[in-house]
Amino acid sequence: MNDPSHTDTDRRTAILDAAVKSFGKLGYYGTSLQRIATEVGLTKAGVLHYVGSKEGLLKLALTEKYDRITESINAAMVAQERPLIADMWRQVVAVNNKRPALVHMFSTLSAEALDPAHPAHDYFADRERRTVTTALNINWAVPEGVNVGHVLQAGFSMMDGLQLRWLRAPGQDLNTMWADCEDVLMPLPLWEGYR
């Protein structure tokens, strides 16, 4: 890794990838900067050069590695005239199905950050608020009489729990697992034409 041909971007990517794995398996408190440095062939000071601090590394792992793709899905939904809630969740599930290490990191840190003293506590609280607020401001196409807020809250909760079940049983397809949840969350015939 100390080869001068490696660009700063390559090193930064390697650091973030190592952090994702370590935060997923060991959490924030169980991960040391020295562990990350050893894994990527740098000194601890070398890692700090790219991320600033351990909290900086945590923030980058969550915002750059995890959030960027799902935020682009939400932005695409906002731009549509009458999007379907089912389409948003299917897109998120399809993305997460291909990135179990990131989902593992997100789930581990989310649980760890229930502690108000955790450096990611505010991130998770703000993220949840932002996600719900954004989703509630989308002009969703839903069946007459459906409470969009309740469906969104139930769906987000269902997604969190489903991802934990998926992580516990490697080899399952998250898309298939979500399809079962969709049948309960958006039952037919009520949701016919809306999913």
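Residues numbered from 1 in each chain as written. Predicted model: local features only at pLDDT ≥ 70, side-chain atom pairs only at ≥ 80, totals over all residues. Heavy atoms only, no water.

### A closer look at the packing of helix α2 (residues 33-40) against helix α3 (residues 44-51)
Here is step 1: Put simply, α2 and α3 touch, their axes get as near as 8 Å, and they point 100 degrees apart. As summarised for this structure, α2 and α3 are arranged roughly perpendicular, according to the angle between their axes. For the pair α2 and α3, the contacting residues are Leu-33, Gln-34, Ile-36, Ala-37 and Val-40 in the first and Lys-44, Val-47 and Leu-48 in the second.
Here is step 2: The residue inventory of the contact of α2 with α3, partitioned by class, reads six nonpolar, one polar and one charged. (Axes fitted to C-alpha atoms, helices over the stretch in contact; angles between N-to-C directions. Helix = DSSP H or I, 4+ residues; strand = E, 2+ residues; numbered from the N terminus. Parallel < 35°, antiparallel > 145°, perpendicular 65-115°, else oblique. Contact = heavy atoms within 4.5 Å. Nonpolar A, V, L, I, M, F, W, Y, C, P; charged D, E, K, R; others polar.)

### Some remarks on helix α9 (residues 174-185)
Here is step 1: Its twelve residues give α9 an end-to-end C-alpha distance of 16 Å, which sits within 8% of 16 Å, the value for a rise of 1.5 Å per residue.
Here is step 2: Within α9 the residues assigned to the buried category are Leu-174, Met-177, Trp-178, Cys-181, Glu-182 and Leu-185. Around the axis of α9, the buried residues are gathered within 150 degrees of arc, so they sit on the same side.
Here is step 3: One side-chain oxygen at the N-terminal end of α9 lies 3.2 Å from the backbone nitrogen of Asn-175; it belongs to Asp-173. (Expected span 1.5 Å × (residues − 1). Buried < 20%, exposed > 50% of the residue type's maximum accessible area, 1.4 Å probe, protein only. Arc of directions from axis to C-beta. Polar contact = N/O pair within 3.5 Å; in protein donor to acceptor, adjacent residues only side chain to side chain.)

### Quick notes on the UniProt feature "domain: HTH tetR-type" (unreviewed entry) in the protein chain
Here is step 1: In the numbering used here, UniProt assigns the "domain: HTH tetR-type" (unreviewed entry) feature to residues 9-69.
Here is step 2: End C-alpha atoms of residues 9-69 are separated by 19 Å, and the span's content is 89% helix alongside 0% strand. (UniProt positions renumbered as here; feature names shortened; annotations may be inferred.)

### A look at the UniProt feature "DNA-binding region" (unreviewed entry) in the protein chain
Here is step 1: UniProt tags residues 32-51 as "DNA-binding region" (unreviewed entry).
Here is step 2: As a span, residues 32-51 carries 80% helix and 0% strand, and end to end its C-alpha atoms are 13 Å apart.

### Digging into the pattern of salt bridges
Here is step 1: Using the criterion set out here, one finds ten salt bridges in the structure.
Here is step 2: Across the pair Arg-12 and Glu-64 runs a salt bridge whose closest N-O atoms are separated by 2.9 Å. One end of the pair, Arg-12, is in helix α1 (residues 8-30); the other, Glu-64, is in helix α4 (residues 54-79), and 52 residues separate them in sequence.
Here is step 3: What makes Arg-12 partly exposed here is its relative accessible area of 26%. (Salt bridge = Lys/Arg side-chain N within 4 Å of Asp/Glu carboxyl O.)

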